[in-house]
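# An overview of the molecular structure
Take a look at the letters that make up each chain.
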Amino acid sequence: MISKVLCFGELLLRVSPAPQNEKDAEKHPFYLYMGGAEANVATALAGWGVPVKYCTALPANFMSSHIIDYLEYKGIFTSSILMSGDRIGVYYLERGADLKGSVVYDRAGSSFSALKPGMIDWDKVFRDVSWFNFTAISPALGWDVAQVCLEAVKAASAKGIKISCDLNYRSRLWKYGKEPAEVMPALVEYCDFVMGNIWSANTLLGTSIDADIHGKKQKQAYLDHAELTSKEIMAKFPKVKTVANTFRFDSEADHTLYYTTLYHDQKLLHSPEFTCGAVVDRSGSGDCFMAGLIYGFYHHNEPQDILNYATAAAFGKLQEQGDATEQDVLMVKRVTSND
Ligand SMILES: O=C(O)C(=O)C[C@H](O)[C@H](O)CO
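Residues numbered from 1 in each chain as written. Predicted model: local features only at pLDDT ≥ 70, side-chain atom pairs only at ≥ 80, totals over all residues. Heavy atoms only, no water.

Keep this limit in mind: UniProt positions are given in the numbering used here, feature names are shortened, and annotations may be inferred rather than shown by experiment.
Going by the annotation in an unreviewed UniProt entry, the name recorded for the protein is 2-dehydro-3-deoxygluconokinase, with Mucilaginibacter yixingensis given as the source organism. In the Sequence similarities (unreviewed entry) part of its UniProt record, the protein is described as follows: "Belongs to the carbohydrate kinase PfkB family."

## Some details on the site of the ligand
We apply this condition: Summary of the distance rule: residues count as near a molecule or strand when at least one heavy atom falls within 4 Å of that molecule or strand. Distance and chemistry together define a polar contact, namely a pair of N or O atoms within 3.5 Å, with one atom able to donate a hydrogen and the other to accept it when in protein, and with adjacent residues in sequence counting only for side-chain atoms on both sides. The protein chains shown are the only cover counted for residues, whose accessible areas, like all others here, come from Shrake-Rupley with a 1.4 Å probe. Each cavity reported here is a set of points on a 1 Å grid over the protein atoms alone in which a 1.4 Å probe fits but cannot get out, each pocket an open set with protein on both sides within 12 Å along at least five of seven lines, and each lining residue one with an atom within 4 Å of a point. For this analysis, a molecule is said to be in a pocket or cavity if more than half of its atoms are within 2 Å of the grid points defining it. Residue polarity is assigned by list, with Asp, Glu, Lys and Arg as charged and Ala, Val, Leu, Ile, Met, Phe, Trp, Tyr, Cys and Pro as nonpolar; anything else, Gly included, falls into the polar class.
Among the 15 residues in the neighbourhood of the ligand, the closest are listed as Y105, R107, R170, D287 and D323. The contact in question runs from an oxygen atom of the ligand to an N or O atom on the backbone of G36, over 2.8 Å. Here R107 contributes a side-chain N or O atom positioned 2.8 Å from an oxygen atom of the ligand. Notes on the ligand: free accessible area 310 Å², of which the protein chains cover 98%. The cavity where the ligand resides is the largest pocket. Considering only residue class, the shell around the ligand consists of six nonpolar, five polar and four charged.

## Focus on the packing of helix α1 (residues 37-47) against helix α9 (residues 285-298)
To be explicit about the condition: Interaxial angles span 0 to 180 degrees and are taken between N-to-C directions of axes, which are lines fitted to C-alpha atoms, for helices over the stretch in contact. Only DSSP runs of H or I reaching four residues or more are called helices, and only runs of E reaching two or more are called strands; each is numbered from the N terminus. With respect to orientation, any angle under 35 degrees is reported as roughly parallel, any angle over 145 as roughly antiparallel, any angle of 65 to 115 as roughly perpendicular, and every other angle as oblique. In this scheme the handedness of a crossing depends on how the near helix is turned from the far one: anticlockwise by less than a right angle means left-handed, clockwise means right-handed. Between two residues, a contact is recorded if the distance between any of their heavy atoms is within 4.5 Å.
Where α1 meets α9, the axes come as close as 8 Å, and the angle between the chain directions of the two elements is 45 degrees. Considering their axes alone, α1 and α9 lie oblique with respect to each other. Here α1 and α9 pass one another in a crossing that is right-handed. Side by side, α1 and α9 meet where A37, N40, V41, A44 and L45 of the first sit next to D287, M290, A291, I294 and Y295 of the second. Residue composition of the contact of α1 with α9, grouped by class: eight nonpolar, one polar and one charged.

## Some thoughts on empty space enclosed by the protein
Worth spelling out the cut-off: Grid points are joined across faces, edges and corners, and a volume is the space filled by probe spheres set on the points.
In the structure shown here, the tally under the stated rule is one cavity of 30 Å³ or more. Size it by volume and the largest cavity reaches roughly 30 Å³. If you trace the largest cavity, you find it lined by E10, L11, T56, A57, L58, R87, I88, G89, S110, S111 and F112. The class makeup of the residues in the lining of the largest cavity is five nonpolar, four polar and two charged.

Listed below in structure tokens is the structure:
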């Protein structure tokens, strides 16, 4: 049996105003996309030929059936999806905004948020799985879901499955009386691989942050900080062997600069620099980066090649409408950097 990647998290439907210059905007003022960070990772991996399962919870209704059909059409294994609870989470995102800006969540009481320990048969879900990916969004939803994540990482770790976590911090979540740094460390303890940025690691894991770093305006200062954050994470969580960090700077003059780092085998690697003018959609770029890293490690590629591919994929995603990427491997390889 070929080993699979398992992505676990909440599937969200996204509603956004029709894209700028949409001819039919008067007739169809809103667009619906399928999202959810972990579903986006699964979609990218499936598109790049990596066998991937997706585990989430959806209510038993016709909309969930259409969603599952769509996931299968994308090449994702869906047998681990639990049919339970009452509703599918939704979010509304302003045109061109990122998840820190104009976002409205309508996900309270969703099937995924209602998950409780004991509901998922992890032994069954982890059959044929060699890599487990989750994100900091799930534990941000509620204490019970955080405990389900703990159950998952313990089960995966006991089976020797590689575990990756995206430290994506969503300040509009985490509303259940716990600070992220009270919850995340117990989960990251089981991880082999952490992806995020120097600021999210500070908020979620309590690593140090140089509050004046922006004032330095030096790329080297960011790279040095990435190395420091990576080393701090690995010192706090000895199971973690690899840390990836992203840097995206959006200036008011419609100019985006993007580069990333990978700390692996005691060495800090950095990607080429990518720049562009206007961005089409900011949502899902980090998911694409995570998918690119998993893709590279799954194929045992060289670390620098892994980082370059993942960075190109994430940067390419900025020019695609919607949450999940449609880029195939050749398209990613054609995304060009400035270096
Ligand atoms: O914010 C969330 O919970 C989402 O999963 C929505 C988006 O799909 C995701 O953040 C994109 O990375």
